[in-house]
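# Topology and contacts: notes
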Amino acid sequence: MAKVAIITDSNSGITQKEAKELGIRVVPMPFMIDGEEYLEDITLTQEQFYEKLKGEANVSTSQPSIGFVNSVWDEALESYDEVVYIPMSSGLSNSCQSALVSAEAMYKDKVFVVDDQRISVTQRQHTLDAINLAKKGYSGKEIKEILEREKFNSDIYITLDTLYYLKKGGRITPAAAALGGLLKLKPILTIKGEKLDKYRMRNRDLNNAKKIMISACEASINGFLKDLDGRTDNVYLEVAYTGTDKGPVLEFIKEIEEVFPNRHIDCCPLSLSVSCHIGTGALAMAISKAIPELEE
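Note that the coordinates shown come from a computational prediction; the quantities given were computed from them, not determined experimentally. (Residues numbered from 1 in each chain as written. Predicted model: local features only at pLDDT ≥ 70, side-chain atom pairs only at ≥ 80, totals over all residues. Heavy atoms only, no water.)

The next point concerns the pairing of strand β3 (residues 30-33). The pairing of β3 with strand β4 (residues 36-39) spans 4 bridges and is classified as antiparallel. When the bridges of β4 are listed, Phe-31 appears paired with Tyr-38. Taking the residues between adjacent antiparallel strands as the criterion, β3 and β4 are bridged by 2 residues, where Asp-34 takes a positive phi near 50 degrees. (Pairing = 2+ DSSP bridges. Helix = DSSP H or I, 4+ residues; strand = E, 2+ residues; numbered from the N terminus.)

Laid out in structure tokens, this is it:
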């Protein structure tokens, strides 16, 4: 049975410390801040990132060089027979495509790059699933096939505190941002598959936005994620946030628990790659269906 190493990137929200505890590797995502490169969770902490964002620094995302990614694979292959690499969604970055090309050209049947079109907490969940599949003896090829088969069995909804960063990134017009600020809108975005998209833009109240996100997830759990036998308990509930204030997210978790009593809810920061486009004060709720092979 082949020994399979699991590698993801920091868009998953898995820290370097957590990676060591899990026995995996995490490729840090690079950021350019005022012309200087930083690596997430290595030379750039969450606190430092938000301080720079708040200070009007010029922040942009980048992708890790394929040479660096290859070096992480090479290191893993010194101790393992195969590598499963789970990067952020191919619809949100070219890093997945670069990795796919490199794996096919130089690491055929050794490195299996998963294009599961996930990011943040749903990417994190697939990484945890991959770890458990490897422990159960599945090969790298089988793990890749399972994760890609299950890629759309998840949803993420995000409510924003401000439209400023969407305007700054050119994702909405200055006029729309000004109107949104005047009306104190709390828009809701969604990540489903390939892109960050609008879900409900003209929402004027945070409490209502949270209810909408919970209802949307509840509808998905009782809709496309529902098993033929009626099971709805095999879905992971996940919450994420931007910024360093955990008060609002802890309150949000309590509200979710009222709708989904006796269910475990994972919580972690949104990846900085998402955060730089939406700013601080954002809240997200996500759901991911459990993989059948791990329930056997």
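Further remarks concern the pattern of salt bridges. Evaluation of the coordinates by the stated rule reveals 12 salt bridges. Close ionic contact of Lys-141 with Glu-145 constitutes a salt bridge, the shortest N to O distance being 2.6 Å. Of this pair, Lys-141 and Glu-145 both sit in helix α6 (residues 140-149), 4 residues apart, which is roughly one turn of that helix. We classify Lys-141 as partly exposed; its relative accessible area is 47%. Because the salt bridges share partners, they merge into one network encompassing Arg-149, Glu-150 and Glu-293. (Salt bridge = Lys/Arg side-chain N within 4 Å of Asp/Glu carboxyl O. Buried < 20%, exposed > 50% of the residue type's maximum accessible area, 1.4 Å probe, protein only.)

Attention now moves to the sheet that holds strand β1 (residues 4-9). Read from one edge of the open sheet, 4 strands run β2-β1-β6-β7, paired in parallel fashion. On the outer flanks of this sheet lie β2 (25-27) and β7 (111-113), each paired with one strand and no other. Strand after strand, the sheet turns through a mean of 25 degrees between neighbouring axes, direction not considered. (Axes fitted to C-alpha atoms, helices over the stretch in contact; angles between N-to-C directions.)

Here we take up helix α10 (residues 247-259). Buried within α10 are the following residues: Val-249, Phe-252, Ile-253 and Ile-256. Buried residues along α10 cover an arc of 105 degrees about the axis, so they all sit on one side. In this structure, α10 carries Lys-254 and Glu-258 as exposed residues pointing more than 90 degrees from its buried face. Elements that come into contact with the buried residues of α10 comprise α9 (206-221), β11 (235-241), β12 (265-269) and β13 (283-289). (Arc of directions from axis to C-beta. Contact = heavy atoms within 4.5 Å.)

The nonpolar side chains of a soluble globular protein tend to be buried with one another. Counting 28 residues, the largest nonpolar core has Phe-31, Ile-33, Leu-44, Phe-49, Val-59, Ile-158 and Ile-278 as the members making the most contacts within it. Mapped by element, the contributors of at least two residues to this core are β3, α2 (46-54), β8 (154-159), β9 (188-192), α11 (272-278) and β13. Considering each element in turn, this core owes the most residues, 4 residues, to α11. Setting aside residues no more than four positions away along its own chain, Phe-49 makes contact with Phe-31, Leu-44, Val-59, Leu-272, Ser-275 and Cys-276. Grouped together as the second largest cluster of nonpolar side chains are 23 residues, Ile-188, Leu-225, Val-239 and Val-249 included. (Core = buried A, V, L, I, M, F, W, Y, C linked by side-chain atoms within 4.5 Å.)

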